[in-house]
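Coordinates in review
Each chain, written out:
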Amino acid sequence: MDFEDAELYRDITDFAQDTPTWVQHAAGIWTEAGLLLFAALFVTTWWRARRDTSQAFAIAALAPLATAMAYLCSQLLKSLVTQERPCRAVPEAVTPLSACPPPGDWSFPSNHATIAGAAAVTLALTRRALLWLTAPLALLMAFSRVFVGVHYPHDVAAGLAFGALVAMTAVRLATRPATRLAEAMRAADAPAFVRWLTGRGRSGLPYRR
């Protein structure tokens, strides 16, 4: 962390203090509720993929798993870097809009931004058009973490990039075996619940995005 990053953190949090109360409340809600929206998008893409090819279903099923993997990697990186939160470390900073996490809950990278970056990319892998929705949501999620005062700007920038990279790599590496598994789960001799979970799909049709 350098002086310019700390200065930018102060500029953003000072700006946050000057915004209307409803904006501050909305940011506080969004910084957590955004995760629920990504979860809802995962469920929606899984449900749609039940009617698509086995490869499309495999990618939709891998998306939340890859996002969870990115989160775990972020947690590991946090424990290695051990960077203090700006709400305790930056001198002359205003009181954050959200409660400062306790000592030992490290700042770099932002877990929320990591999840947002991973979710945005993996959802877009299921259907490219979703990127127009997920990318702005991820950026808004990342910015909100600085806005409410619990992360540096470089925390969220790194989180977005790290989450996207880890999750996209995981999906790319696992798509082929996951597709074979999906085909086996859709077989006529598979249990009824398993076949409902995967859907009947579109056998023989190319994967469409």
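The text that follows walks through the structure, step by step, so that each part is easy to find. (Residues numbered from 1 in each chain as written. Predicted model: local features only at pLDDT ≥ 70, side-chain atom pairs only at ≥ 80, totals over all residues. Heavy atoms only, no water.)

A short note on the packing of helix α5 (residues 111-126) against helix α6 (residues 131-147)
Just so we agree on the cut-off: Interaxial angles span 0 to 180 degrees and are taken between N-to-C directions of axes, which are lines fitted to C-alpha atoms, for helices over the stretch in contact. Secondary structure is summarised from DSSP: a helix means a run of H or I of at least four residues, a strand means a run of E of at least two, and numbering begins at the N terminus for each. Here roughly perpendicular refers to angles of 65 to 115 degrees, roughly parallel to angles under 35, roughly antiparallel to angles over 145, and oblique to all remaining angles. For this analysis, residues touch if any pair of their heavy atoms sits within 4.5 Å. Gly is put with the polar residues, along with every residue not named as nonpolar or charged; the nonpolar set is Ala, Val, Leu, Ile, Met, Phe, Trp, Tyr, Cys and Pro, and the charged set is Asp, Glu, Lys and Arg.
Two numbers describe how α5 lies on α6: the axes approach to 9 Å, and their chain directions differ by 175°. The orientation of α5 with respect to α6, classified from their angle, is roughly antiparallel. Contacts between α5 and α6 involve His112, Ala113, Ala116, Gly117, Ala120, Leu123 and Ala124 on the former and, on the latter, Leu131, Thr134, Ala135, Ala138, Met141, Ala142 and Arg145. Broken down by class, the residue content of the contact of α5 with α6 amounts to ten nonpolar, three polar and one charged.

With respect to the state of the cysteines
Inclusion rule: Disulfides are defined as pairs of cysteine sulfur atoms found within 2.5 Å of each other.
Within this structure, the stated rule accounts for one disulfide. Disulfide partner of Cys87: Cys100, at an S-S distance of 2.0 Å. Where Cys87 bonds to Cys100 through sulfur, the torsion about that S-S bond is close to 70°, and the disulfide is right-handed. Note that Cys87 is positioned in helix α4 (residues 86-89) and Cys100 in the loop between α4 and α5, a separation of 13 residues in sequence.

A short note on the nonpolar core
It is characteristic of soluble globular proteins that their nonpolar side chains tend to be buried jointly. Worth spelling out the cut-off: The set of buried Ala, Val, Leu, Ile, Met, Phe, Trp, Tyr and Cys residues whose side-chain atoms join them within 4.5 Å is what this entry labels a nonpolar core. Type-normalised accessible area, obtained with a 1.4 Å probe on protein chains alone, sets the label of each residue: buried when under 20%, exposed when over 50%, and partly exposed for intermediate values.
Of all hydrophobic cores here, the largest spans 23 residues; its most connected members are Tyr9, Phe38, Ala116, Leu123, Ala138 and Leu160. Put simply, the parts of the chain that give this core at least two residues each are α1 (3-18), α2 (21-49), α5, α6 and α7 (153-185). With residues up to four places along the chain from it excluded, the contact list for Leu123 reads Phe38, Leu41, Phe42, Thr45, Leu130 and Thr134. By size, the runner-up hydrophobic cluster in this structure holds twelve residues, among which are Ala58, Ala66, Val166 and Val171.

A word on the packing of aromatic side chains
Test applied: Any two of the Phe, Tyr and Trp rings considered here, Trp counted by its six-membered ring, make a pair once their centres fall within 6.5 Å; the pair's planes then place it as stacked at under 30 degrees, edge-to-face at over 60, or tilted in between. Charge over a ring is defined by NZ of Lys or CZ of Arg lying within 6 Å of the ring centre and within 35 degrees of the ring normal.
Applying the stated criterion across every chain, the model contains four aromatic pairs. Between Trp46 and Trp47, the aromatic rings sit 5.6 Å apart at their centres with planes inclined by 65°, giving edge-to-face as the arrangement. What makes Trp47 partly exposed here is its relative accessible area of 38%. Both rings, one in Phe143 and one in Phe147, keep their centres 5.9 Å apart while their planes meet at 45°; by these two values the pair is tilted. Separated by four residues within a single helix, Phe143 and Phe147 lie in helix α6, roughly one turn from each other. You can call Phe147 buried: its relative accessible area is 6%. Members of the aromatic cluster, connected to one another through ring pairs, are Phe15, Phe143 and Phe147. The ring of Trp47 has Arg50 sitting right over it, with the charged end atom 4.3 Å from the ring centre.

As for α5
In an α-helix, one turn spans 3.6 residues; hence positions three or four apart end up facing the same way. To be explicit about the condition: The span expected for a helix works out to 1.5 Å for each residue beyond the first. Throughout this description, a polar contact denotes any pair of N or O atoms lying within 3.5 Å of each other; where both atoms belong to protein, one of them has to be capable of donating a hydrogen while the other can accept it, and for residues adjacent in sequence the pair is counted only when both atoms sit in side chains.
The terminal C-alpha atoms of α5, which comprises 16 residues, lie 23 Å apart, in line with the 22 Å expected from a rise of 1.5 Å per residue. The element α5 is largely enclosed, with a buried count of 16 among its 16 residues. At the N-terminal boundary of α5, the capping side chain belongs to Ser110, with an oxygen 3.4 Å from the backbone nitrogen of His112.

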